[in-house]
Structure formats: structure tokens, C-alpha cells
Amino acid sequence: MSVVEEIFANLEARGAAIYGGEAVTQLQHALQCAVLAHMAGAPATLVTAALLHDYGHILTDDEDAAERGTDLQHEEIAARHLADWFPEDVTEPIRLHVTAKRYLCSVDPAYLDSLSPASATSLSVQGGPLGTEEISDFRRNPHWQAAVKLRHWDDTGKDPKMTTPALAAFRGMVTSALREEHEDAHG
Ligand SMILES: [Fe+2]
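As recorded in an unreviewed UniProt entry, the chain goes by HD domain-containing protein and comes from Rhodobium orientis.

1. Comments concerning the coordination of the iron ion
For the iron ion, the full set of protein donor atoms is H29 (NE2), H53 (NE2), D54 (OD) and D154 (OD), at a range of 2.1 to 2.3 Å. When the donors of the iron ion are listed by position in the chain, the intervening gaps give H-x23-H-D-x99-D. Linking H53 in the loop between α3 (44-52) and α4 (55-60) with D154 in helix α11 (residues 144-156), this pair joins segments that are 101 residues apart in sequence.

2. Considering empty space enclosed by the protein
Summed over the entire model, instances satisfying the criterion amount to two cavities of 30 Å³ or more. The calculated volume of the second largest cavity comes to roughly 30 Å³. Together, L11, Q26, A30, L51, L52, D54, Y55 and I58 line the second largest cavity. Those elements giving two or more residues to the lining of the second largest cavity turn out to be α2 (26-39), α3 and α4. Of the residues assigned to the lining of the second largest cavity, the class counts are six nonpolar, one polar and one charged.

3. Re the nonpolar core
Residues L51, L52, F86 and F170 are the most contacted members of the largest nonpolar core, which totals 35 residues. Elements with a minimum of two residues in this core: α1 (3-15), α2, α3, α4, α5 (74-82), α6 (88-95) and α11. Looking at this core, the element that brings in the most residues is α2, giving eight residues. Other than its neighbours up to four places away in sequence, L51 contacts F8, L11, A30, L31, A34, L167, F170 and V174.

4. Some remarks on the packing of helix α7 (residues 97-107) against helix α9 (residues 117-125)
Remark: α7 packs on α9, axes separated minimally by 11 Å, with the N-to-C direction vectors making an angle of 95 degrees. Judged by the angle between their axes, α7 and α9 are roughly perpendicular. Along its contact with α7, which presents K101, R102 and C105, the element α9 presents S119, S122 and L123. Residues of the contact of α7 with α9, tallied by class, amount to two nonpolar, two polar and two charged.

5. As for the pattern of salt bridges
Using the criterion set out here, one finds seven salt bridges in the structure. The shortest N-O distance in the salt bridge between D154 and R151 comes to 3.3 Å. Taken together, the residues span about one helical turn, with D154 and R151 both in helix α11 at a distance of three residues. The same class applies to D154 as to R151, namely buried.

6. Notes on the environment of A120
In this fold, A120 is placed in helix α9. Given a relative accessible area of 38%, A120 falls into the partly exposed group. Residues A120 and V90, spaced 30 residues apart in sequence, show a C-alpha to C-alpha distance of 25 Å.

7. As for α9
Residues A118, S119, S122 and L123 constitute the buried set of α9. Taken end-on, α9 shows its buried residues confined to a sector of 145 degrees, consistent with a single buried face. In α9, the exposed positions that point more than 90 degrees away from the buried face belong to P117 and S124. In this fold, the buried residues of α9 make contact with α7, α8 (109-114) and α11. In the segment just after α9, G127 is the residue with positive phi, at about 115 degrees.

Parameters at a glance
Residues numbered from 1 in each chain as written. Predicted model: local features only at pLDDT ≥ 70, side-chain atom pairs only at ≥ 80, totals over all residues. Heavy atoms only, no water. Donors = N, O, S within 2.8 Å, 3.2 Å for Na, K, Ca; no water. Helix = DSSP H or I, 4+ residues; strand = E, 2+ residues; numbered from the N terminus. 1 Å grid on protein atoms, 1.4 Å probe; cavity = no way out; pocket = protein on both sides within 12 Å on 5 of 7 lines; lining within 4 Å. Points joined across faces, edges and corners; volume = space filled by probe spheres on them. Nonpolar A, V, L, I, M, F, W, Y, C, P; charged D, E, K, R; others polar. Core = buried A, V, L, I, M, F, W, Y, C linked by side-chain atoms within 4.5 Å. Buried < 20%, exposed > 50% of the residue type's maximum accessible area, 1.4 Å probe, protein only. Contact = heavy atoms within 4.5 Å. Axes fitted to C-alpha atoms, helices over the stretch in contact; angles between N-to-C directions. Parallel < 35°, antiparallel > 145°, perpendicular 65-115°, else oblique. Salt bridge = Lys/Arg side-chain N within 4 Å of Asp/Glu carboxyl O. Arc of directions from axis to C-beta.

Laid out in C-alpha cells, this is it:
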């Protein structure tokens, strides 16, 4: 089984059962974020990041951690796991997508008010809005703008009425986003 097949099998098997306090399953959420990224003209690496940004929840299978006041750092778990196969253009926006939320809460009060209840609950265990120095640090990362884009798709991709193609539609794009040394896993 190629790594992409393995990731997709995990997403299909476990993502369809996890809601994480939202109106859609993790699988629907992943697909909606990927569609939104694709419609916005994002490159394959960022569409892949959108599709897999919550893969840490699939790996840990603990959707209610935030409600218990625990931050599992799902973004770090996913980024570390995926870094074996994908470049930083994929893993950095994933690693930064929670910091991007904390960043947007600092610079845009309307954003804070727009968070879903589950996302507002997890904000406090994730550390709350960024402070001034943290904002500068965040903006020094070359992937910060991609992470902010991903964050907006993340917030929008929770629509129970939205229809998306099946996961298999993204196989080619995700495969093309693999690091070059994994070309044997392509196809
Ligand atoms: Fe998400």
C-alpha cells in the first residue's frame, strides 16, 4: 500500500466517525477544506495541507480532548507524522493552522466572534490570542500566509449542506505533493 493509500484509508475508516463537536465529520471537513483550497486556486501542496490539516485528530482518535481542557497539539502530531513524506509547503501550514487561528483572534476581533462553539472552546486550551511578540514570530515564518489561508478554509469547511467529490478525487493531487524522493510511492 502506498503512503497516500494508507493515509486515505485511515481518513475514510476513522474520519467518517469523528465529529469533534462540529456539524460535519472529520472526513467531510477535510474534503470541504480541500475543495475550498482548490477553488481558491491553491497549489497541490496547499490543497493537500487543507485535506490533511486535522490528520492529527485521526491519528490520536481523541476528539473530545479540548472539551476536557486538554490540548493534544494535533497540528504538531500531523505535521511531524506527514514530514516523512511531504515537504514543508504541506507540513508547515498544517503545523501553523492553530497558531494562525490565535493570530487572527489577535488582529481581527470580528474573527474571534465568528468562531464555531467548538473552536472557541479549544482556543483557550490552545493558549488564547497571540501576544505582540508571538505575532512577530508568527509572521517571520515563510509559511504564515498559507497558514492563514488554510485557517479560513478550516473555519468555512464545516457546512452540513456542502457536497464534495469523494476522497479518491484528490489522490493525484496529494500524490503530486509528495517529496521527490518518494517518487517510488507515486502512481
Ligand atoms: Fe480543521
